[in-house]
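Chain residues, written in single-letter form:
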Amino acid sequence: MGKDAVAASRRVDTVAGHMHAGGSISPNLERRIFQEPTNSRSDAAAFEKEAQNMPKSEVRKLRSSLFCKAQSVSYENTNPLMIVGGSKQYLWDEAGTKYLDTRNNVATLNTNSRYLHPNLTLLAKKLTATLPAELRVCFFVNSGSEANDLALRLAFTHTRNSDVVVVDRAYHGHTKAVIEISPYKYEHEGGPGKANHIHKVGCPDTFRGPHTSADPAAGTKYAAQVRDACAAAEGGKVAAFFVESGMSVAGVIIPPEGYLAECFKHVRAAGGVCVADEVQTGFGRFGTHYWGFQQQGVVPDIVTMGKPFGNGMPLAAVVCSQAVAESFHNGLEYFNTFGGNPVCAAAGLAVLEVVEEEQLQASSH
C-alpha cells in the first residue's frame, strides 16, 4: 500500500462518506481507498498531489513550527500517528497500517487534529506564506465568530489585561464574548449594552464622519480616540484593539491612510495587542492586497479569518505572532474537535489554489 494509502485523505467523497461507526469495512471499499493513487487521477488538484507526496517527517516538522504548542498531538512523546484514511471503526496510517479506533470517540465522518495529517500542515504552510513573516502560528477553527472568540482569549492570556478597545458599528461575531466587542450587536434592540471593560471609539468614516477624506490628517485624528480610550482603561492598560481591516456591516468603511499605524502605536504603548479581523475582507478581496491590513502598511499581532476560507465548509483560522502563541502555551491545552479537520482543510487548500490560479485577487482590483 505505502504512499497509495494517502490517496484516501484526498478522496473525501469516498472516505468521508464511509467513515461511520459499527460494522466492518468491505474488501471493495478497502481497495477503492488504497489502490487509487491521487497522482493517477487526471482531475487531481495540485495541492492533492503535494499532500500525497509529503512525508510524515515533514508533516511533523511543520506541525511543530506552525502550530501553538498548546495544541497537542496524540502519542507525540513516542511516534505520533499520521491518519490518512478511515471507514467505520477503522483508521489507517500513511503506511497502510490498520487501527481499531477506540479513541476518536466524537467522529463519525472525519478525524480530529490530535493526529498528524498532511492537509492540515500544508494548509498552515500555504496560509502563512500569504502573511507577513511575523505571523507564523496557526489555530484552525470552525467559524469567524469562533476565531474572534479565540483571539480574545489569546489577548487576555498574553497581556493579562482585561480592557478592550473596539470601533463603533463593528461586528465580530455571535458568541457571548464577541457580542461584547461588537457595538453593532450590543447596542442593538435586545442587545446587552456595553460592558464596563469595553471602550468604544468612533468609526473612521471619511464620508459621513467628522473627519473626511478631504482632511489629510483624518487618520491621525480618528486614531486619537484610540489613544484616549487606552488612557481611560483600568490602569491605562488594555488587552486588545479589535478592528476590521475594512468594515463591512458599518457601511463598507475603508480606514483613512495612517489610521491603523497610529492606532497600533497607541495600543501597544498601553500594553495591548492589535487584532485585525479579516473574516470578511481577507483572501484578496481588497484587490491590491491579499489582506486588508496590508493596505495600511501595518502588521497586527493577531489576524482572524473565516467566511470565504472554506467556501461554505466550516473553516476559519487565527494566526498570531510567536510571542502571543508562547504566552498561550501555559499548561492549559487548546483542543478543537473539528477545527482544521482533513476534509475542511482540503476545502481551504482548494480555495487558496483557486484564488491563485484564477487570479481572483487581480480581478477584484
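See above for the structure.
Predicted model, so just to flag it, every value in this text is computed and none were measured.

## Some thoughts on the overall build of the protein chain
1) Next: Helix and strand counts for the protein chain stand at 14 helices and ten strands.
2) Next: Relative to its full complement of 365 residues, the protein chain shows a buried share of 54%.
3) Next: Relative to all contacts within the protein chain whose residues are 6 or more apart in sequence, the contacts with residues 24 or more apart total 73%.
4) Next: When the accessible surface of the protein chain is totalled, it reaches about 15,600 Å², and 50% of it is carbon and sulfur.

## Observations concerning empty space enclosed by the protein
1) Next: A full pass over the atoms with the stated rule returns three cavities of 30 Å³ or more.
2) Next: Each pocket or cavity is described by its volume, and for the second largest cavity that value is around 90 Å³.
3) Next: Around the second largest cavity, the lining residues are Arg 63, Phe 67, Gln 71, Ser 72, Ser 113, Leu 120, Phe 140, Glu 333, Tyr 334, Phe 335, Asn 336 and Gly 339.

## Some details on the layout of surface pockets
1) Next: The calculated volume of the largest pocket comes to roughly 270 Å³.
2) Next: In terms of lining residues, the largest pocket is bounded by 14 residues, among which Thr 130, Tyr 290, Leu 352, Glu 353 and Glu 356 are the most central.
3) Next: Broken down by secondary-structure element, the contributors of at least two residues to the lining of the largest pocket are α4 (46-52) and α13 (342-357).
4) Next: In the lining of the largest pocket, the residues fall into seven nonpolar, two polar and five charged.

## So, α13
1) Next: Spanning 16 residues, α13 covers 22 Å between terminal C-alpha atoms, matching the ideal 22 Å at 1.5 Å per step.
2) Next: For α13, the full list of buried residues reads Pro 342, Val 343, Cys 344, Ala 345, Ala 346, Ala 347, Gly 348, Leu 349, Val 351, Leu 352, Glu 353 and Val 355.
3) Next: The backbone nitrogen of Val 343 has a side-chain oxygen 3.0 Å away, supplied by the residue at the start of α13, namely Asn 341.
4) Next: Of the residues trailing α13, Gln 359 is marked for its positive phi of about 50°.

## Let's talk about unusual backbone geometry
Most peptide bonds adopt trans geometry, and most residues besides glycine take a negative phi value.
1) Next: Although it is not a glycine, Phe 283 adopts a positive phi angle of roughly 65°.
2) Next: By the element assignment, Phe 283 lies in the loop between β8 (273-277) and β9 (302-305).
3) Next: A residue is classified by how much of its surface remains accessible, and Phe 283, at 7% relative accessible area, is buried.
4) Next: One non-glycine residue with positive phi stands out, namely Gln 359, at about 50°.

## Focus on the sheet that holds strand β4 (residues 137-141)
1) Next: Read across the open sheet, the seven strands follow the order β4-β10-β9-β8-β7-β5-β6; overall the sheet is mixed. Either end of the sheet is taken by a strand with one partner, and the two such strands are β4 and β6 (198-201). Between one strand and the next, the sheet's axes are offset by a mean angle of 20°, whatever the strand orientation.
2) Next: The pairing of strand β5 (residues 164-167) with strand β7 (residues 240-244) spans two bridges and is classified as parallel. For Val 165, the partnering residue across the bridge sits in β7 and is Phe 241.
3) Next: In the packing of helix α6 (residues 118-128) onto the sheet, the strands contacted are β4, β9 and β10 (316-320), and the crossing angle to β4 comes to about 120°.

## Comments concerning the pairing of β5
1) Next: Burial along β5 is two-sided: Val 164 and Val 166 facing one way and Val 165 and Val 167 facing the other are all buried.
2) Next: As defined by bridge partners, β5 adjoins β6 across four bridges and the pair is classed as parallel. Counted as the bridge partner of Val 164 is Ile 198 from β6.

## Observations regarding the sheet that holds strand β3 (residues 98-100)
1) Next: With respect to topology, three strands assemble into an open sheet ordered β1-β2-β3, the strand pairing being antiparallel. Sheet topology places β1 (83-87) and β3 at the edges, where each strand pairs with a single neighbour. This sheet shows a mean twist of 30° between the axes of neighbouring strands, independent of strand direction.
2) Next: Examined bridge by bridge, β1 and strand β2 (residues 90-93) share four bridges and lie antiparallel to one another.

## Some words on the side chain of Asp 163
1) Next: Secondary-structure assignment places Asp 163 in the loop between α7 (144-159) and β5.
2) Next: The charged side chain of Asp 163 is buried without a salt bridge, its nearest counter-charge being Lys 194 at 8.6 Å.
3) Next: Within the structure, Asp 163 has its side chain in polar contact with the side chain of Ser 162 (distance 3.4 Å).
4) Next: Discounting residues that sit within four places of it in the chain, Asp 163 has contacts with His 197, His 199, Ala 233, Glu 234, Lys 237, Val 238, Ala 239 and Ala 240.

## Digging into helix α11 (residues 259-269)
1) Next: Listing the buried residues of α11 in full gives Tyr 259, Leu 260, Cys 263, Phe 264, His 266 and Val 267. Viewed along the axis of α11, the buried residues span an arc of 165°, placing them on a single side of the element.
2) Next: Packing partners of the buried residues in α11 comprise β5, β6, α10 (218-232), β7 and β8.
3) Next: Following α11 by one or two positions, Gly 271 adopts a phi angle in the positive range, close to 80°.

Criteria and thresholds
- Residues numbered from 1 in each chain as written.
- Predicted model: local features only at pLDDT ≥ 70, side-chain atom pairs only at ≥ 80, totals over all residues.
- Heavy atoms only, no water.
- Helix = DSSP H or I, 4+ residues; strand = E, 2+ residues; numbered from the N terminus.
- Buried < 20%, exposed > 50% of the residue type's maximum accessible area, 1.4 Å probe, protein only.
- Contact = heavy atoms within 4.5 Å.
- Areas by Shrake-Rupley, 256 points an atom, 1.4 Å probe, with all protein chains shown as cover.
- 1 Å grid on protein atoms, 1.4 Å probe; cavity = no way out; pocket = protein on both sides within 12 Å on 5 of 7 lines; lining within 4 Å.
- Points joined across faces, edges and corners; volume = space filled by probe spheres on them.
- Nonpolar A, V, L, I, M, F, W, Y, C, P; charged D, E, K, R; others polar.
- Expected span 1.5 Å × (residues − 1).
- Polar contact = N/O pair within 3.5 Å; in protein donor to acceptor, adjacent residues only side chain to side chain.
- Pairing = 2+ DSSP bridges.
- Axes fitted to C-alpha atoms, helices over the stretch in contact; angles between N-to-C directions.
- Lys, Arg positive; Asp, Glu negative; His and termini not counted.
- Salt bridge = Lys/Arg side-chain N within 4 Å of Asp/Glu carboxyl O.
- Arc of directions from axis to C-beta.

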